[in-house]
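# Overview (structure and organization)
Here are the chains, one letter per residue:
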Amino acid sequence: MINTQKAKAVMVEAGYTQVTLAKDMKMSVNTLNLKINGKSPFDINEAETFCDLCKVDDLSERANIFLP
């Protein structure tokens, strides 16, 4: 389960909106919204892409987002 608040904070800190991040992740805004709000899971590749785009390099920080 994703830490929704942390994911949203990281996204905003990186200068993304759900619309712009969805585009860069090559998924629909609706799909990203479901994933960020914990209604649909991120797969490992999507989680890695999210972290790479949002510049989350620290492994413990990544774990705090995706393994709360």
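What comes next concerns the included structure. Predicted, not measured: the structure shown is a model, and the values here were computed from it. (Residues numbered from 1 in each chain as written. Predicted model: local features only at pLDDT ≥ 70, side-chain atom pairs only at ≥ 80, totals over all residues. Heavy atoms only, no water.)

## Re the side chain of E46
Locating E46 in the fold gives a position in helix α4 (residues 44-53). With near-sequence residues (within four places) excluded, E46 lies in contact with M25, M27, K35 and P41. (Helix = DSSP H or I, 4+ residues; strand = E, 2+ residues; numbered from the N terminus. Contact = heavy atoms within 4.5 Å.)

## Topic: the layout of surface pockets
There is about 300 Å³ of room inside the largest pocket. What lines the largest pocket is a set of 16 residues, and nearest its centre among them are F42, D43, A47, F66 and L67. Where the lining of the largest pocket is concerned, the elements lending two or more residues are α4 and α5 (59-66). Counting residues per element, the lining of the largest pocket draws most heavily on α4, at four residues. Per-class residue counts for the lining of the largest pocket are ten nonpolar, two polar and four charged. (1 Å grid on protein atoms, 1.4 Å probe; cavity = no way out; pocket = protein on both sides within 12 Å on 5 of 7 lines; lining within 4 Å. Points joined across faces, edges and corners; volume = space filled by probe spheres on them. Nonpolar A, V, L, I, M, F, W, Y, C, P; charged D, E, K, R; others polar.)

## Digging into the pattern of salt bridges
Using the criterion set out here, one finds three salt bridges in the structure. For the salt bridge of E61 with K6, the shortest nitrogen-to-oxygen distance reads 2.8 Å. You can see E61 sitting in helix α5 and its partner K6 sitting in helix α1 (residues 4-13), a full 55 residues away along the chain. Linking K35 and E46 is a salt bridge whose minimum nitrogen-to-oxygen distance equals 2.9 Å. In this pair, K35 sits in helix α3 (residues 29-36) while E46 sits in helix α4, placing the two residues eleven residues apart along the sequence. You can call K35 buried: its relative accessible area is 7%. (Salt bridge = Lys/Arg side-chain N within 4 Å of Asp/Glu carboxyl O. Buried < 20%, exposed > 50% of the residue type's maximum accessible area, 1.4 Å probe, protein only.)

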